[in-house]
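So you can see what is in the structure, the chains are spelled out below.
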Amino acid sequence: MSDTQPQTEAEPGKIPVTVLTGYLGAGKTTLLNRILTENHGKRYAVVVNEFGEIGIDNDLVVGADEEVFEMNNGCICCTVRGDLIRIMDGLMKRRGKFDAVIVETTGLADPAPVAQTFFMDQDVADAARLDAVVTVADAKWLVERLKDAPEAKNQIAFADVILLNKVDLVSEAELADVEARIRTINPYARLHRTTKCDVEIAQVLERNAFDLERIIELEPDFLEEGHHHHHDEDMQSIAITLEGEVNPEKFLPWISELTQVQGPDILRCKGIIAFPDEPKRFVFQGIHMILDGDVQGDWKAGEPRRSRVVFIGRNLDEAAIRAGFLACAA
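Residues numbered from 1 in each chain as written. Predicted model: local features only at pLDDT ≥ 70, side-chain atom pairs only at ≥ 80, totals over all residues. Heavy atoms only, no water.

A. Just the overall build of the protein, in detail. If you tally the helices and strands in the protein, you get 11 helices and 13 strands. Looking at the protein as a whole, 57% of its 330 residues are labelled buried. Taking the contacts inside the protein whose residues are at least 6 apart along the sequence as the reference set, 77% of them involve residues at least 24 apart. For the protein, the computed accessible surface area is about 14000 Å², with 50% contributed by carbon and sulfur atoms. (Helix = DSSP H or I, 4+ residues; strand = E, 2+ residues; numbered from the N terminus. Buried < 20%, exposed > 50% of the residue type's maximum accessible area, 1.4 Å probe, protein only. Contact = heavy atoms within 4.5 Å. Areas by Shrake-Rupley, 256 points an atom, 1.4 Å probe, with all protein chains shown as cover.)

B. Main features of the nonpolar core. Membership of the largest hydrophobic core comes to 52 residues, with the highest contact counts inside it found for Met 88, Val 101, Phe 118 and Leu 164. Those residues in contact with Leu 164 that sit more than four places away from it in its chain are Ala 137, Asp 138, Ala 139, Leu 175, Val 178, Glu 179, Ile 182, Leu 191, His 192, Arg 193 and Thr 194. Counting residues in hydrophobic clusters, the runner-up holds 23 residues, among them Ile 240, Phe 251, Trp 254 and Leu 291. (Core = buried A, V, L, I, M, F, W, Y, C linked by side-chain atoms within 4.5 Å.)

C. View of the pairing of strand E7 (residues 161-165). Among the 5 residues that make up E7, 5 are buried, leaving the element largely enclosed by the rest of the structure. Residues Val 161, Leu 163 and Asn 165 point to one face of E7 and Ile 162 and Leu 164 to the other, with burial holding for every one of them. Looking at chain direction, strand E6 (residues 128-138) and E7 are connected through 5 bridges and run parallel. Across the sheet, residue Thr 135 finds its bridge partner in E7, namely Ile 162. Alignment of E7 against strand E8 (residues 190-193), held across 4 bridges, turns out to be parallel. Its bridge partner lying in E8, Ile 162 is registered against Leu 191. In the classification by handedness, the crossover that spans E7, the intervening helix H8 (residues 172-185) and the parallel E8 is right-handed. (Pairing = 2+ DSSP bridges. Right-handed = clockwise from strand over helix to strand, strands pointing away.)

D. Focus on the sheet that holds strand E9 (residues 236-242). Pairing is antiparallel in the open sheet, where 5 strands are placed in the order E9-E13-E10-E11-E12. Edge positions in the sheet fall to E9 and strand E12 (290-298), since each of these pairs with one other strand and no more. When the angles between neighbouring strand axes are averaged without regard to direction, this sheet yields 10°. Judged from the 6 bridges that link them, strand E10 (residues 266-273) and strand E13 (residues 307-313) form a sheet pairing that is antiparallel. Looking across to E13, one finds that Lys 270 is bridged to Val 310. In the packing of helix H11 (residues 318-326) onto the sheet, the strands contacted are E9, E10 and E13, and the crossing angle to E9 comes to about 25°. (Axes fitted to C-alpha atoms, helices over the stretch in contact; angles between N-to-C directions.)

E. Here's a closer look at the pairing of E12. Examined bridge by bridge, strand E11 (residues 280-287) and E12 share 8 bridges and lie antiparallel to one another. Within the sheet, the bridge partner assigned to Lys 280 lies in E12 and is Asp 298. The turn joining E11 and E12, which pair antiparallel and follow one another in sequence, is formed by 2 residues; a positive phi near 55° is taken by His 288.

F. Quick peek at the packing of helix H3 (residues 84-92) against helix H4 (residues 112-120). Where H3 meets H4, the closest approach of the two axes is 11 Å, and the angle between their N-to-C directions is 50°. Comparing their axes, H4 and H3 come out oblique. Considering only the axes of H3 and H4, their crossing is right-handed. Of the residues in H4, those in contact with Leu 84, Ile 85 and Met 88 of H3 are Val 114, Thr 117 and Phe 118. When its residues are assigned to classes, the contact of H3 with H4 shows 5 nonpolar, 1 polar and no charged. (Parallel < 35°, antiparallel > 145°, perpendicular 65-115°, else oblique. Left-handed = near helix turned anticlockwise from the far one by under 90°. Nonpolar A, V, L, I, M, F, W, Y, C, P; charged D, E, K, R; others polar.)

G. Layout of unusual backbone geometry. Of note, Lys 166 is a non-glycine position whose phi angle comes to about 65°, a positive value. Its place among the elements puts Lys 166 in the loop between E7 and H8. By relative accessible area, Lys 166 is classed as partly exposed at 23%. You will see that Asp 277, though not glycine, has its phi angle at about 60°, which is positive.

H. Molecular detail of the confidence of the model for the protein. Summarising the model, the protein shows a mean pLDDT of 77, and 77% of its residues fall at 70 or more. Confidence, read as mean pLDDT per element, is least for helix H2 (residues 56-60) in the protein (42) and greatest for H11 (94). The low-confidence segment residues 1-11 (pLDDT under 50) makes 37 contacts with residues lying over four places distant or belonging to another chain. Across residues 222-231, where pLDDT falls below 50, the model places 22 contacts with residues more than four positions away in sequence or in other chains. (pLDDT = per-residue confidence, 0-100.)

I. Local environment of the packing of helix H10 (residues 248-262) against H11. Viewed as axis vectors pointing N to C, H10 and H11 meet at an angle of 160°, and their least axial separation amounts to 10 Å. Overall, the two elements H10 and H11 adopt an arrangement that is roughly antiparallel. Judged by the sense of rotation from one axis to the other, the crossing of H10 with H11 is right-handed. Contacts between H10 and H11 pair Phe 251, Trp 254, Leu 258 and Gln 262 from the former with Ile 321, Gly 324 and Phe 325 from the latter. Each residue belonging to the contact of H10 with H11 can be placed in one class, and the counts come to 5 nonpolar, 2 polar and no charged.

Laid out in structure tokens, this is it:
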């Protein structure tokens, strides 16, 4: 795993990890308690990421009075006092006792440092893969928080799946307004309207949401020429399609240099790339300067070998990024 260039070999058998985020009061603890108590047939290790000596959220999570303990439905719950790598290493020693890992961030947290853990630490990266960032948003108060809390905006921008919670507290017109605001920041996340986070667990966890196929399923025409979104005043989303294959000797140095130079402004990037003579898709994802990629999933017979990338961030030079990617054509 490298912070400068994606790997090109698939590593099967990694445990999927969901990062659960959302601003204070949005409903993360409600969702966590559902996961820890419902009979959903899955065994999740839930990491409550509390920083500081006294954990408030920790006291609200069902039965959370030890560092690592098992719930009645087979889930494992953990509390973290700042050392996520240590707790992940401990969980990996218990492999076989759970199917996936959920890491809850604090309500004031930017999800990037938590997500980066799964790329930057070699032992963690070898054993686990970041499956998705799931953000719980408060339908009643999100518009206000987007004005005064940059963390709330980052949580929306990073999300692969968004639960727009507490929809029972707002009118249909207010709901349409908040959804429009979300879409100006992040046009690509899967969006669910919920009351008390009442969504099927399977719609949130183990979604492989970094795969661009999720985006195509959500919005089939978003990569078509002429399809545009209105964007937030300081948040951009750039989608580029190259109708054909990409030269890996051009693309890998280009994407590595781009993320090193503009990494602080690139909140998220992802893509599916067709390399010549490679029967599988090259799928990559990135957070700031951290990149991860491998080959996964065969190109289907008769499927156009298009190459597609998405960038979400601030202060991005769309023309330069577009020209740089198109110059990687094989």
